[in-house]
Protein chains: 2
Amino acid sequence: MHGTSQTITKPIPFDTARLDQLLAEADIDVLVVTSKHNIQYLLGGYRFFFFEYMDAIGVSRYLPVLVYQRGKPENSGYIGCRMEGFEKELDRFWTPHVATSSNYSMQAMQQAVEHIKKLGGKTRRVGVETSFLPADAEATLRRGLPESEIVDAVFPLERLRLRKTPDELAKLRNASDQVVGAMLTTFGKCKPGMTKNEIVETLRREEVNRGLNFDYCLITAGTSQNRAPSDQRLQAGDTISLDSGGNYHGYIGDLCRMGILGEPDQELKDLLGFIEEVQQAARKPIAHGARGGDIYAAAEAPLKASPHRAHVEFLAHGMGLVSHEAPRLTSTGPVPYDAYDAPRPLETGMVVSIETTMKHPKRGFIKLEDTVAVTGNGYEAYGDAGRGWNRIGAR
Amino acid sequence: MHGTSQTITKPIPFDTARLDQLLAEADIDVLVVTSKHNIQYLLGGYRFFFFEYMDAIGVSRYLPVLVYQRGKPENSGYIGCRMEGFEKELDRFWTPHVATSSNYSMQAMQQAVEHIKKLGGKTRRVGVETSFLPADAEATLRRGLPESEIVDAVFPLERLRLRKTPDELAKLRNASDQVVGAMLTTFGKCKPGMTKNEIVETLRREEVNRGLNFDYCLITAGTSQNRAPSDQRLQAGDTISLDSGGNYHGYIGDLCRMGILGEPDQELKDLLGFIEEVQQAARKPIAHGARGGDIYAAAEAPLKASPHRAHVEFLAHGMGLVSHEAPRLTSTGPVPYDAYDAPRPLETGMVVSIETTMKHPKRGFIKLEDTVAVTGNGYEAYGDAGRGWNRIGAR
């Protein structure tokens, strides 16, 4: 790679002015990005197919590195592994500098260091993702740039991804629709005697056969509150919750739907009806300009009036390439930037996952989780089907 | 978790004497394991389902941590995340100490530090996986154990996994069989006009519907040497190579098979015949007690006699939970432990991937890759079907 500035001949897939502003606020001169999700974002959807799931190879690992200098997108460099030469040949990268000659994490970072050293301008504070930068690569970075201060850049990167583009929204909608479609088909295929493991395997295949990558499924059956897949067998009268994440080109659909083997009695109808009431109340205030915290305030009204309050949890959180991301709407413990967006306005293109969970002491685990995108004058719910008691074995 | 030694009530799923010996050779007192594959190995197949594919959550990530003190398996501790409480309830862990109260990487490592501090005995040298330990967790570890030296432990962990158990071999065999089965079905479904992307998507679903997790597919079509999935369309007369990895419970099947849209002419038959000759020669010496380097020596005989030598590459490498692991049979660049096993004896239970690749300047990319397990008096090949020219669209 050359250190001199190059002409950018392809469109840059993100808002460089916004990123420059976020980096200025964090006092970061150079970004060194190493997580798959942020690499994907900054490269406009690119994710190297060979290491989409795996990382390990030999005694080290695959480590993609993207270098971005504040205010100088023309200095951007991408360091991939040797096999990514195939992708370079297909002209997949917008960054003016692309190297595809590394095999291992330290080698990749050494090439990033050499690129940074050739840049003009400030490199005083270098932003990294400390949770996604391996210790060996960090040591290489520190050795190579002894004058630079290494700081965490996860927060500005998360803010950059906050408002989704129409293309991202289409992917999130598709992921949500297909996850729910897979769930409804899976409920139809369940039978008494099937294990939770078998049900999850059925759902996994249904998601994959709809074009998704399956991420996980939390599952309860009967009155147990245990949500891990296991050899527990489905019995007549059991309720089931399926809470699954599946992604479409990295964008996660994450929803929860309920099934029942038989017919729900009035109490079960009322309990799920109450969950539904909270879910609908929570989405009602959503629109561009509403406060993030309004979602919690709206959910609180039916909750505090309910005799079930003690065993119901309400949660709302942003989602996208990461299953919990900005907007950050609530306090979840000693975490930086906690509830950052609660007093701030919602904006068009934000996507919020809304979940109401009941751990009923006698009737078991009852939950709905929905995906809601903020629009100019309201919201759109993705994958909004199957919200009642889905009859098991009915298809 | 308690620092005092506990009684181990469940069988330990690996050879603790062997691990203790490897740690003694590396002068490591305490192991702190954070990669999914080594956690899985040390916990007897356990991999937390929720984060099987993803890592990112919130502004941090999931980080499982396993602590093992040399010579004292009774001091072992596993630090999972909060949701792994469901797994603990199902009694999935053999380690006497299990904590499931962390949410983020630094929190998990802080709990590991507290566990280590309570251990008696030496903690002078702490072994980590530097490519799989995030920088934030490493900083927590160093702050918490300022007297300890942090060293890399990837090599002893890889040696521990070198000889596969019958259960591991069964998983590798199944993965290999299913990958090849999926390829043969995919060849049958290909048609002129299909893109490489569509062919890979077909293969992905075939692997998943056989119970595997799809990892990747390298693919060529026609005379192009480009192995990335793309919108290149299949044309009459094209040859295709499918080189795919898919795993069964983490154990990788990685094989390459050839297809053709039409009938192969004599030259194509001869070229694939030559690849097959090299592949068969390479596996011939394999048996418990043979030298690792004998595989290369055996492949070299037909190679050096061939007019195709200049555009043929031969490679043999161990495989298992990681796609390239011990036995290490050749030099692949400036990598530690390179060719470590070439002068050493092969042993029962080692698994070797053998690949012969021709980049023919006129006829394109032609390759076979096979999986061979070392047995007492020879070898067993897994997924050994479909080694000739598979006719495309024939099923």
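For clarity, every value in this text was computed on a predicted model and none was experimentally measured. Here the residue numbering is sequential within each chain, running from 1 through the sequence in written order. Chains and ligands are labelled by the order in which they are written, letters from A for the one and numbers from 1 for the other. Per-residue local features are limited, in this predicted model, to residues with pLDDT of at least 70; the limit for side-chain atom pairs, both in listing and counting, is 80 or more; totals at the level of whole chains, interfaces and linings are taken over all residues. The side-chain figures draw on all heavy atoms in the structure; neither hydrogens nor water molecules are used.

**Description of the overall build of chain A**
Rules: Only runs of H or I of at least four residues qualify as helices and only runs of E of at least two qualify as strands under DSSP, and these elements are numbered from the N terminus. Radius of gyration: C-alpha atoms only; globule rule: 2.2 Å multiplied by the number of residues to the exponent 0.38. Here the term buried applies to any residue with accessible area under 20% of the maximum for its type, exposed to any over 50%, and partly exposed to those in between, with areas from a 1.4 Å probe on protein chains only. Throughout, a contact is declared for two residues whenever any of their heavy atoms are within 4.5 Å.
Of regular secondary structure, chain A possesses 10 helices and 16 strands. The globule rule puts the C-alpha radius of gyration for 395 residues at 21 Å, and the 23 Å found for chain A is close to it. Burial status across chain A gives 62% buried among its 395 residues. A separation threshold of at least 6 residues defines the contact pool for chain A, and within that pool the share at least 24 residues apart is 70%.

**As for the pattern of salt bridges**
Rules: When a carboxyl oxygen of Asp or Glu is within 4 Å of a side-chain nitrogen of Lys or Arg, the pair counts as a salt bridge.
In the structure shown here, the tally under the stated rule is 73 salt bridges over all chains. Note that Glu87(A) and Arg92(A) form a salt bridge whose closest N and O atoms lie 2.6 Å from each other. Where Asp341(B) meets Arg159(B), a salt bridge forms, and the shortest distance between an N and an O atom there is 2.6 Å. Residue Asp341(B) is found in the loop between β12 (312-318) and β13 (351-360), and its partner Arg159(B) is found in helix α6 (residues 154-160); the two are separated by 182 residues along the sequence. Looking at Asp341(B), the relative accessible area reads 3%, which means it is buried. Taking relative accessible area as the criterion, Arg159(B) reaches 7% and is therefore assigned buried. One salt-bridge network, held together by shared partners, links Arg257(A), Glu276(A), Arg283(A), Asp370(A), Asp384(A) and Arg387(A).

**What about the nonpolar core?**
Put simply, the test is: Only buried residues count toward a nonpolar core, which is a set of Ala, Val, Leu, Ile, Met, Phe, Trp, Tyr and Cys residues joined through side-chain atoms within 4.5 Å.
In terms of nonpolar packing, the biggest core is built from 86 residues, with Leu42(A) and Leu42(B) touching the most fellow members. If near-sequence neighbours (up to four positions away) are discounted, Leu42(B) is found in contact with Pro13(B), Phe14(B), Leu19(B), Val33(B), Leu66(B), Trp94(B), Leu157(B) and Leu160(B). With 48 residues, the next largest nonpolar core counts Phe187(A), Ala221(A), Leu184(B) and Ile240(B) among its residues.

**Observations concerning the relation of the copies chain B and chain A**
Formally: To superpose the copies, least squares is applied to the C-alpha atoms of every residue with a pLDDT of at least 70 in both.
When chain B is fitted to chain A, the best match, at an RMSD of 0.0 Å, comes from turning it 180 degrees and sliding it 0.0 Å along the axis. The superposition of one copy onto the other is thereby described by a two-fold rotation axis.

**So, the environment of Val67(B)**
Mapped onto the elements of the fold, Val67(B) is located in strand β4 (residues 65-69). Excluding residues that lie within four positions of it along the chain, Val67(B) makes contacts with Val30(B), Leu31(B), Asn75(B), Ser76(B), Gly77(B), Ile79(B), Ala112(B), His115(B), Ile116(B) and Leu119(B).

**Things to note about the interface of chain B and chain A**
The line we're drawing: The buried area of a pairing is the accessible area, by a 1.4 Å probe, that goes missing from both parts when the two are put together, added over both. In this count, Pro and Cys sit with the nonpolar residues alongside Ala, Val, Leu, Ile, Met, Phe, Trp and Tyr, while Asp, Glu, Lys and Arg are called charged and the others, Gly among them, polar.
Facing 59 residues of chain B, the contacting portion of chain A comprises 59 residues. Carbon and sulfur atoms make up 61% of the area that chain B and chain A hide from each other, which totals about 5,000 Å². Where chain B packs against chain A, one counts 0 salt bridges. For the side of chain B that touches chain A, the elements supplying multiple residues, two or more each, are β2 (56-57), β3 (60-61), α3 (85-89), α5 (135-144), α6, α8 (196-209) and β9 (213-221) of chain B. Counting residues per element, the side of chain B that touches chain A draws most heavily on β9(B), which supplies 6 residues. Taken together, the residues of the side of chain B that touches chain A sort by class into 29 nonpolar, 15 polar and 15 charged.

**Here we look at unusual backbone geometry**
Here the bond from Ala326(A) into Pro327(A) is cis, since omega is 5 degrees, no more than 30 degrees from zero. Structurally, the position occupied by Pro327(A) is in the loop between β12 (312-318) and β13 (351-360). With a phi close to 55 degrees, Asp27(B) is a non-glycine residue in the positive phi region. Examined against the element boundaries, Asp27(B) turns out to sit in the loop between α1 (16-25) and β1 (30-33). In this structure Asp27(B) comes out as partly exposed when scored by relative accessible area, which is 30%. Phi at Asp91(B) is positive, roughly 60 degrees, even though this residue is not glycine. With respect to the secondary-structure elements, Asp91(B) resides in the loop between α3 and β6 (97-102).

**Quick look at the sheet that holds strand β8 (residues 149-152) of chain B**
Residues and elements named next belong to chain B. We apply this condition: Note on pairing: DSSP must find at least two bridges between two strands before they are called paired. Structural elements are reduced to axes, namely lines fitted to C-alpha atoms, with helices fitted over the stretch in contact, and the angle between N-to-C directions of any two is expressed from 0 to 180 degrees.
Spatially, β6-β5-β4-β1-β7-β8 is the arrangement adopted by the 6 strands of the open sheet, whose pairing is mixed. Of all strands in the sheet, those with a lone pairing partner are β6 and β8, marking the two edges. This sheet shows a mean twist of 20 degrees between the axes of neighbouring strands, independent of strand direction. Both strand β5 (residues 72-81) and β6 contribute to a ladder of 4 bridges, which runs parallel.

**Observations regarding the pairing of strand β14 (residues 364-374) of chain A**
Residue and element names in this part refer to chain A. With 11 of 11 residues buried, β14 lies mostly within the body of the structure. Bridge analysis of β13 against β14 gives 10 bridges, and the strand direction is antiparallel. Looking at the pairing, Glu355 lines up with Glu369 of β14. Between β13 and β14, which pair antiparallel one after the other, the connecting turn spans 3 residues. The hairpin turn running from β14 into strand β15 (residues 379-382), its antiparallel successor, is 4 residues long.

**Topic: the side chain of Ser131(B)**
Worth spelling out the cut-off: Whenever two N or O atoms come within 3.5 Å, that pair is a polar contact, provided that in protein one can donate a hydrogen and the other can accept it, and provided that, for residues adjacent in sequence, both atoms are side-chain atoms.
With respect to the helices and strands, Ser131(B) occurs in the loop between β7 (125-128) and α5. We classify Ser131(B) as buried; its relative accessible area is 3%. Polar side-chain contacts of Ser131(B) include one of 3.3 Å to the side chain of Ser60(A). Not counting chain neighbours up to four residues away, the residues in contact with Ser131(B) comprise Val59(A), Ser60(A), Arg61(A), Ser105(A), Pro134(A) and Asp136(A).

**Comments concerning the packing of helix α4 (residues 105-118) of chain A against helix α5 (residues 135-144) of chain A**
All names here are of chain A. Put simply, the rule is: Oblique is the label for every angle not falling under 35 degrees (roughly parallel), over 145 degrees (roughly antiparallel), or within 65 to 115 degrees (roughly perpendicular). With the far helix as reference, a near helix turned anticlockwise by less than a right angle produces a left-handed crossing, and one turned clockwise produces a right-handed crossing.
Look at α4 against α5: their axes get within 8 Å of each other, and the N-to-C directions meet at 25 degrees. Considering the angle they form, α4 stands roughly parallel to α5. In this structure, α4 meets α5 at a crossing whose hand is right-handed. Contact with α4, carried on its side by Ser105, Met106, Met109, Gln110, Val113 and Lys117, involves Asp136, Ala137, Thr140, Leu141 and Gly144 of α5 and no other residues of that element. Residue composition of the contact of α4 with α5, by class: 5 nonpolar, 4 polar and 2 charged.

**Looking at the sheet that holds strand β1 (residues 30-33) of chain A**
One key point about sheets: their strands pair by backbone hydrogen bonds, in either a parallel or an antiparallel sense. All names here are of chain A. If you walk across this open sheet you meet the 6 strands as β6-β5-β4-β1-β7-β8, and the pairing is mixed. Here the strands that pair on one side only, and so sit at the sheet edges, are β6 (97-102) and β8 (149-152). When strand polarity is set aside, the average angle formed by the axes of neighbouring strands in this sheet is 20 degrees. With 4 bridges joining them, β1 and strand β4 (residues 65-69) adopt antiparallel strand pairing. Directly across from Leu31, in β4, lies its bridge partner Tyr68. α4 rests against β1, β4, β5 (72-81) and β6 of the sheet, and its axis sits at about 150 degrees to β6.

**Looking at the confidence of the model for chain A**
Formally: The predictor reports its confidence for every residue as pLDDT, a score running from 0 up to 100.
Considering every residue of chain A, the mean pLDDT works out to 95; 97% of them sit at 70 or more. Here the prediction assigns the complex a pTM of 0.96, and the interface score ipTM is 0.96.

**Focus on the side chain of Lys36(A)**
Here Lys36(A) lies in helix α2 (residues 36-42). With near-sequence residues (within four places) excluded, Lys36(A) lies in contact with Arg47(A), Phe51(A), Glu52(A), Tyr53(A), Met54(A) and Asp55(A).

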